[in-house]
Amino acid sequence: MNEELIEMKVCMRLAGMVAIAILVSVSHGVPAFTEDADAKADVVGEASSPSHKSPIHVKVVDYQKAEDGPGTLKMSGNAIPGKDVHILVDGKPFATVTAATDDGTWSVEDKVALDDTVHSVRVQQIDETTNMPSATAMFSMSLSPPSPEQLAAPPAGRH
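Overview of the structure.

What counts, and at which threshold
- Residues numbered from 1 in each chain as written.
- Predicted model: local features only at pLDDT ≥ 70, side-chain atom pairs only at ≥ 80, totals over all residues.
- Heavy atoms only, no water.
- Helix = DSSP H or I, 4+ residues; strand = E, 2+ residues; numbered from the N terminus.
- Buried < 20%, exposed > 50% of the residue type's maximum accessible area, 1.4 Å probe, protein only.
- Contact = heavy atoms within 4.5 Å.
- Areas by Shrake-Rupley, 256 points an atom, 1.4 Å probe, with all protein chains shown as cover.
- Pairing = 2+ DSSP bridges.

### With respect to the overall build of the protein
A tally of helices and strands in the protein yields 2 helices and 8 strands. By residue count, 35% of the 159 residues in the protein fall in the buried class. Counting contacts in the protein only where the partners sit at least 6 residues apart, residues at least 24 apart contribute 49% of the total. Total accessible area computed for the protein in this model is approximately 9,400 Å², and 54% of it derives from carbon and sulfur atoms.

### Here's the deal with the environment of Leu73
Residue position: Leu73 is located in strand β3 (residues 71-78). Under the relative-accessibility criterion, Leu73 is labelled buried at 0%. Taking C-alpha positions, Leu73 is 6.1 Å from Lys111, a pair spaced 38 residues apart along the chain.

### Thoughts on the environment of Ser144
For Ser144, the location among the structural elements is in the loop between β8 (133-142) and α2 (148-152). Given a relative accessible area of 25%, Ser144 falls into the partly exposed group. C-alpha of Ser144 to C-alpha of Thr117: the two residues are 27 residues apart in sequence and 7.4 Å apart in space.

### Topic: the pairing of strand β4 (residues 84-89)
The two faces of the sheet receive side chains in turn, since in a regular strand these alternate between them. Sheet topology note: the β4/strand β5 (residues 92-98) ladder contains 6 bridges and is antiparallel. Paired with Val89 across the strands is Lys92, a residue of β5. Where β4 folds back on β5, the antiparallel hairpin that results is connected by 2 residues, among which Asp90 adopts a positive phi of roughly 55 degrees. For β4 and strand β7 (residues 118-126), the ladder comprises 4 bridges, and the chain directions are antiparallel. Among the inter-strand pairings, Val89 is bridged to a residue of β7, identified as Val121.

### As for the environment of Lys92
Note that Lys92 resides in strand β5. In the structure, Lys92 is positioned 29 residues away from Val121 in sequence and 9.3 Å away in space, judged by C-alpha atoms.

### Digging into unusual backbone geometry
Of note, the phi angle at Asp90 is positive, near 55 degrees, even though the residue is not glycine. Looking at the secondary structure, you find Asp90 in the loop between β4 and β5. Overall, the relative accessible area of 36% leaves Asp90 in the partly exposed class. Despite not being glycine, Asn131 has its phi angle at roughly 60 degrees, a positive value. Positionally, Asn131 belongs in the loop between β7 and β8. For Asn131, a relative accessible area of 60% gives the class exposed.

Shown next as C-alpha cells:
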C-alpha cells in the first residue's frame, strides 16, 4: 500500500475510535457539546474527515429512539460548497443533500432503525469528472457503551 492510503486508514480508524469514545462519554451523562443537539438525544457527537484535503466536517446532532419503529437521526456539517453530500449508514444510503453554495453547510433529518450494535456512518462527496470520492468522513456509533473487553481490544485489523 502506498503511504497516503496507509495514513488515511490509520486516521479513519482513529476518527472512529474518537467517535466511539465521544458517544460513550455522552451516554454516561456528559453534557452535549453540539449546540444543535436535542436535550432528549440518545447519541450526540461529531467527526471530521481524516485529512485537510477532504473538507467534510460532520456533527451527529442526535439520534432519538422511537417507541415503535425507526428513530430519528439528525446530522449537520460542512462540505465542499454546492456539491451533493451522500450519507450512508451501515453501507446503505441514508440521505443525499446539497451543501450550501456559499459556506458548504448542510443538514439532514430522517428516520432510520438503529439497534445497540456498532453502526458505521460514511459521509462523502463524489467528483463528477472521475466518479471517485472527492471528500469522505467515516465514523462508528453505538447506542450502548462498549464493554470493557471491547475497549481493551486492539482495533480490528491490528495486533
